[in-house]
Amino acid sequence: MRDHAASGPELPHPDRAGIDLSQVLFALSDPGRRAMVRQLQDGPLEAAACTPAGTDLPKATKSHMLKVLREAGVIRNLPNPQRRGRILTLRRDDLEARFPGLIDAVLSADSPSAGG
């Protein structure tokens, strides 16, 4: 049995069918949240390591940003089974199944490598 006190409880996430386009677009409308999601494109990160570059966000602000992304179905925020803390992952497969091409289009639209 896992000790939830160290890493926190399971948080609710919408199932694939429950991911709503307007919520996803709202979650991705904020540049800071998009920057966090962009960091997750290459794989999971510990929650502490995922933050918009060049910012010193208050913990409450970062928590709220992660909550908006999680509740929209953009990321998963799960207890870390190896240690204290949480692991964040991009729900690319679920987003691609619901809205083909959307996540890549949104994330590349204002990235430095977009050639903008």
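Above this note sits the structure.
Before going into details, it helps to say that this report is about the structure given with it. (Residues numbered from 1 in each chain as written. Predicted model: local features only at pLDDT ≥ 70, side-chain atom pairs only at ≥ 80, totals over all residues. Heavy atoms only, no water.)

Bringing the environment of Ala-27 into the picture now. Following the sequence through the fold, Ala-27 ends up in helix 2 (residues 21-27). Linking Ala-27 and Val-37, residues ten residues apart in sequence, is a C-alpha distance of 10.0 Å. (Helix = DSSP H or I, 4+ residues; strand = E, 2+ residues; numbered from the N terminus.)

Moving on, we get to the pattern of salt bridges. Scanning the model with the defined rule gives six salt bridges in all. The partner of Asp-94 in a salt bridge is Arg-16, with the nearest N and O atoms 2.7 Å apart. One end of the pair, Asp-94, is in helix 5 (residues 92-98); the other, Arg-16, is in the loop between helix 1 (4-7) and helix 2, and 78 residues separate them in sequence. For Glu-46, the salt bridge identified is with Arg-83, shortest N-O distance 2.5 Å. Linking Glu-46 in strand 1 (residues 45-46) with Arg-83 in the loop between strand 2 (75-79) and strand 3 (86-90), this pair joins segments that are 37 residues apart in sequence. According to the relative accessible area criterion, Glu-46 is partly exposed, its value standing at 30%. Residues participating in the shared-partner salt-bridge network are Arg-16, Arg-76, Arg-91 and Asp-94. (Salt bridge = Lys/Arg side-chain N within 4 Å of Asp/Glu carboxyl O. Buried < 20%, exposed > 50% of the residue type's maximum accessible area, 1.4 Å probe, protein only.)

A word on the packing of helix 3 (residues 31-39) against helix 4 (residues 59-72). Where helix 3 meets helix 4, the closest approach of the two axes is 10 Å, and the angle between their N-to-C directions is 75°. With respect to each other, helix 3 and helix 4 are oriented roughly perpendicular. Residues Gly-32, Arg-33, Met-36 and Val-37 of helix 3 touch helix 4, and the partners they reach there are Lys-62, Met-65, Leu-66, Val-68 and Leu-69. Of the residues in the contact of helix 3 with helix 4, the class split is six nonpolar, one polar and two charged. (Axes fitted to C-alpha atoms, helices over the stretch in contact; angles between N-to-C directions. Parallel < 35°, antiparallel > 145°, perpendicular 65-115°, else oblique. Contact = heavy atoms within 4.5 Å. Nonpolar A, V, L, I, M, F, W, Y, C, P; charged D, E, K, R; others polar.)

Shape is all these values report; function is a separate question.
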